Amino acid sequence: MPETRYMLLTGASRGIGHATVKLFQAHGWHILTVSRQPFSEACRWPSARASHVQADLADLDGIDALVAEVRSRLPNGQLHALVNNAGISPKGDNGARLGVLASDAQTWTRVLNVNLLSTALLGRALFPELVAGQGAIVNVTSIAGSRVHPFAGVAYAASKAALAALTREMAHEFGPHGVRVNAIAPGEIETSILSPGTSDIIEHDVPMRRLGDPAEVASTIHFLCTSASSYINGAEIHINGGQHV
């Protein structure tokens with residue numbers, strides 16, 4: 001019987017996170033999920049409640065406790081995949097986009113902690129387990145990291161651009177130890193948090209003229225965590241139907 005492979009997924013409470021868990025579980029993986037919310041009854045997959053860890057990634061002082069809990073759940077001290085999917089994009093009144101003038105220091109700090117710094121700190125802390133498992137890291141960036149987006153705020157966009165750079169840095173540093181680090185950059189994906197007006201983007205900016213499905217994103221994440229992508233390191237894959245062109 002093949003050895004069980006373990007994945008840690010942040011931001012598991014909806015959308016891409018849900019689809020990723022279900023796909024990996026279908027392939028026999030054991031998933032540990034992290035979100036700032038308590039276990040959600042919407043997460044209806046096997047062992048969901050027992051595999052959930054509640055942690056607020058905006059609180060960097062809590063990273064050590066989170067890592068200790070994760071380590072206690074890895075029976076062989078091996079982590080085979082770390083998927084950094086957690087991300088926040090604060091809005092103003094009535095869902096308004098927050099530009100530079102509307103973003104205070106507290107907004108910047110929280111967004112950068114969740115979207116960028118926690119990713120670096122989790123990778124650093126779990127490096128021994130990733131090496132032991134010859135694992136892969138997948139960071140979820142965004143099309144907003146490479147172009148001005150009508151809905152994503154400036155702090156979110158800057159954090160995702162920085163996450164792309166962090167992915168390259170981690171790939172360079174972790175690669176010699178057998179740990180590959182890549183990123184995916186989703187565009188307009190059909191989830192419950194789509195902003196009003198997305199249909200206009202689909203019509204004018206997406207050559208394929210449709211939203212992406214969370215399962216399409218999950219499939220790319222799975223690819224990057226398996227031997228099928230064994231020589232891919234430091235890449236950022238665009239999943240947006242051609243929106244970036």
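What you see is a predicted model, and the numbers here were worked out from it, not measured in a lab.

Bringing unusual backbone geometry into the picture now. Although it is not a glycine, Asn 94 adopts a positive phi angle of roughly 60°. Looking at the secondary structure, you find Asn 94 in the loop between β4 (81–84) and α3 (105–125). At Gln 134, a residue that is not glycine, the phi angle is positive and equals roughly 45°.

Once that is clear, we can look at the layout of surface pockets. Put simply, the second largest pocket is a space of about 150 Å³. The residue inventory of the lining of the second largest pocket, partitioned by class, reads 5 nonpolar, 3 polar and 3 charged.

Evaluation of the coordinates by the stated rule reveals 2 cavities of 30 Å³ or more. Each pocket or cavity is described by its volume, and for the second largest cavity that value is around 40 Å³. Every residue along the wall of the second largest cavity is listed here: Ser 89, Pro 90, Leu 98, Ser 103, Thr 107, Gly 153, Val 154, Ala 155 and Tyr 156. When residues in the lining of the second largest cavity are grouped by element, the largest group, 3 residues, is from helix α5 (residues 154–174).

So, how was this worked out
Residues numbered from 1 in each chain as written. Predicted model: local features only at pLDDT ≥ 70, side-chain atom pairs only at ≥ 80, totals over all residues. Heavy atoms only, no water. Helix = DSSP H or I, 4+ residues; strand = E, 2+ residues; numbered from the N terminus. 1 Å grid on protein atoms, 1.4 Å probe; cavity = no way out; pocket = protein on both sides within 12 Å on 5 of 7 lines; lining within 4 Å. Points joined across faces, edges and corners; volume = space filled by probe spheres on them. Nonpolar A, V, L, I, M, F, W, Y, C, P; charged D, E, K, R; others polar.

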